[in-house]
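Single-letter residue listing:
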Amino acid sequence: MSTTLVPARTQSFLDKTRSRELRVGIIGLGYVGLPLTLLFSEQKFRVTGFDVDQQKVDTLTAGGSYIYRILPEEIAAAKSSGFAATSNYTQLSDLHAIIICVPTPLNEHHEPDLSYIENTAHAIAPNLRPGQLVVLESTTYPGTTEEILVPILERENKLGLRAARSGAVGDDTFHVAFSPEREDPGNTQVARRDIPKVIGGLEPLATENASALYNSIFNRVVPVSSPAAAEMTKLLENIYRCVNIALVNELKLLCLRMGIDIFEVIRAAATKPFGFQAFYPGPGLGGHCIPIDPFYLSWKAKEFDFHTRFIELAGEVNLNMPYHVVSSVGQGLNQRKQAINGSKVLVLGLAYKKDVDDLRESPSLTIIELLQQQGAAVSYNDPFFPTVGRGRKYDLQMSSTPLTEIGKFDCVVIVTDHSSYDYQDIVRRARLVVDTRNATAGIRADNVIRC
């Protein structure tokens, strides 16, 4: 194999990036992949989006959007820059860079489910060609890129290509890097371009090419030494949040017994100008990363005979919060001489956080399931979900109940504090309100239980 530190085609990759001739493929057009597509399209790159969900492909092809904060006009603008969506993975061979943004959930045993990454690698491999850059963005444990992705790509490509490694970059190689996504659905305070992009290449040239590519859409890139370092960076970011949320969740339970308002305490502590960052308690963790990442690292740590006790304890505290909510519903109903069994309960908010249309790992789903198991007749309201069907971990087949029917329910549980809710009116019309988000702060009423 002929090797050189800087093959001629590398300069071509950089030149094509600067001239916007470089063609980008993004696999997985969800909450990470579709916003990333728009960033590249805004910078006049021609992007091809891939997804196994034909309904998503058809929606985008028709100029529509299935994500609340992404407007059809943005899809139309992307299409005018050459964006096209497809489920035909043979088109990957026409691209210079391939970015993977697929889910990495947990299975029923709380172990990593890498099937989406593996299936994507199987789809990419037959279409690989020399010099292509493959970047994995999906959150995962350190080692995934080198232990799972690269072997499939090397084993199954048709040209005998190898992933470029230090000292072995040639005409029969492709480049691989990991760059963790940092999406925060609903965040309107920080522009996506202003979120620094961490990049870890399998070798320096991969890092250089990926850095040039991402530098064209982000204001700052942060190179690290390897894909594993980049993978661990993402886990650290989210485990940091998981542990601190667990801390305030546990403190909330103590404060409830002591008659102290945990939110007042957090507000006061947040006035300290150093050494403290405010985190807030809630009904449980949601979203794709924070509820999942601790289990990814704990699972991988066992390979090294290491037990991540502190991290696992935080995960345990957060997993128990939906049970605390259901217990509070039971206590509130008991005070009114009612049982959960046979009661009508309305859950306000299905999304995992306020003002987003994202159900991934939402604690609302667990709370609904637990209430149903105890015999409650459960309904929901969420302005972002007129209906909800079946997902990986739920099968609700329900429609949103109008807020005008609040008076018909024995208990209303505020799980997601959407801005559109009029909490004064909800408290006024409800028989019992269990507030998991402090949404009713400042409202004094005998029918409100804050948990």
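Residues numbered from 1 in each chain as written. Predicted model: local features only at pLDDT ≥ 70, side-chain atom pairs only at ≥ 80, totals over all residues. Heavy atoms only, no water.

(A) Representation of helix H3 (residues 54–61) in the model. Taking the backbone nitrogen of glutamine 55 as reference, a side-chain oxygen 3.0 Å away marks aspartate 53 as the first, capping residue of H3. Within two residues after H3, glycine 63 carries a phi angle of roughly 85°, on the positive side. (Polar contact = N/O pair within 3.5 Å; in protein donor to acceptor, adjacent residues only side chain to side chain. Helix = DSSP H or I, 4+ residues; strand = E, 2+ residues; numbered from the N terminus.)

(B) Molecular detail of the packing of aromatic side chains. Enumeration over the complete set of coordinates arrives at 9 aromatic pairs. Ring centres 5.6 Å apart and planes at 75° place the aromatic pair tyrosine 240 and phenylalanine 279 in the edge-to-face group. Remark: phenylalanine 279 occurs in the loop between helix H9 (262–269) and helix H10 (293–301) and tyrosine 240 occurs in helix H8 (residues 227–258); sequence separation between them is 39 residues. Counting every residue linked through ring pairs, the aromatic cluster contains Phe40, Phe45, Tyr214 and Phe218. The lysine or arginine in question, lysine 197, covers the ring of tyrosine 214, its NZ or CZ lying 4.6 Å from the ring centre. (Phe/Tyr/Trp six-rings, centres within 6.5 Å; stacked < 30°, edge-to-face > 60°. Lys NZ or Arg CZ within 6 Å of the ring centre and 35° of its normal.)

(C) Up close: the side chain of aspartate 435. Residue position: aspartate 435 is located in strand E15 (residues 433–435). Although aspartate 435 is buried, it forms no salt bridge, and the closest oppositely charged side chain is arginine 450 at an N-O distance of 4.4 Å. Of the polar contacts made by the side chain of aspartate 435, one reaches the backbone nitrogen of alanine 439; its length is 2.9 Å. With near-sequence residues (within four places) excluded, aspartate 435 lies in contact with Ile414, Thr440, Ile449, Arg450 and Cys451. (Buried < 20%, exposed > 50% of the residue type's maximum accessible area, 1.4 Å probe, protein only. Lys, Arg positive; Asp, Glu negative; His and termini not counted. Salt bridge = Lys/Arg side-chain N within 4 Å of Asp/Glu carboxyl O. Contact = heavy atoms within 4.5 Å.)

(D) Representation of the pattern of salt bridges in the model. Scanning all chains against the criterion turns up 14 salt bridges. Among the salt bridges present, the one from aspartate 15 reaches arginine 18, with a minimum N-O distance of 2.8 Å. Of this pair, aspartate 15 and arginine 18 are both found in helix H1 (residues 8–19), 3 residues apart, which corresponds to roughly one turn of the helix. Exposure remark for arginine 18: the relative accessible area of 55% places this residue in the exposed category. Where glutamate 154 meets arginine 162, a salt bridge forms, and the shortest distance between an N and an O atom there is 3.4 Å. Judged by its relative accessible area of 12%, glutamate 154 is buried. A network of salt bridges, in which partner residues are shared, links Glu147, Lys300 and Glu303.

(E) Fine view of the environment of asparagine 447. Within the secondary structure layout, asparagine 447 lies in the loop between E15 and strand E16 (448–450). Here asparagine 447 falls in the buried class, since its relative accessible area comes to 12%. Spatially, the C-alpha atoms of asparagine 447 and alanine 430 are 7.8 Å apart, while their sequence positions differ by 17 residues. When near neighbours in sequence (up to four residues on either side) are disregarded, asparagine 447 contacts Arg336, Val427, Ala430, Arg431, Leu432 and Val433.

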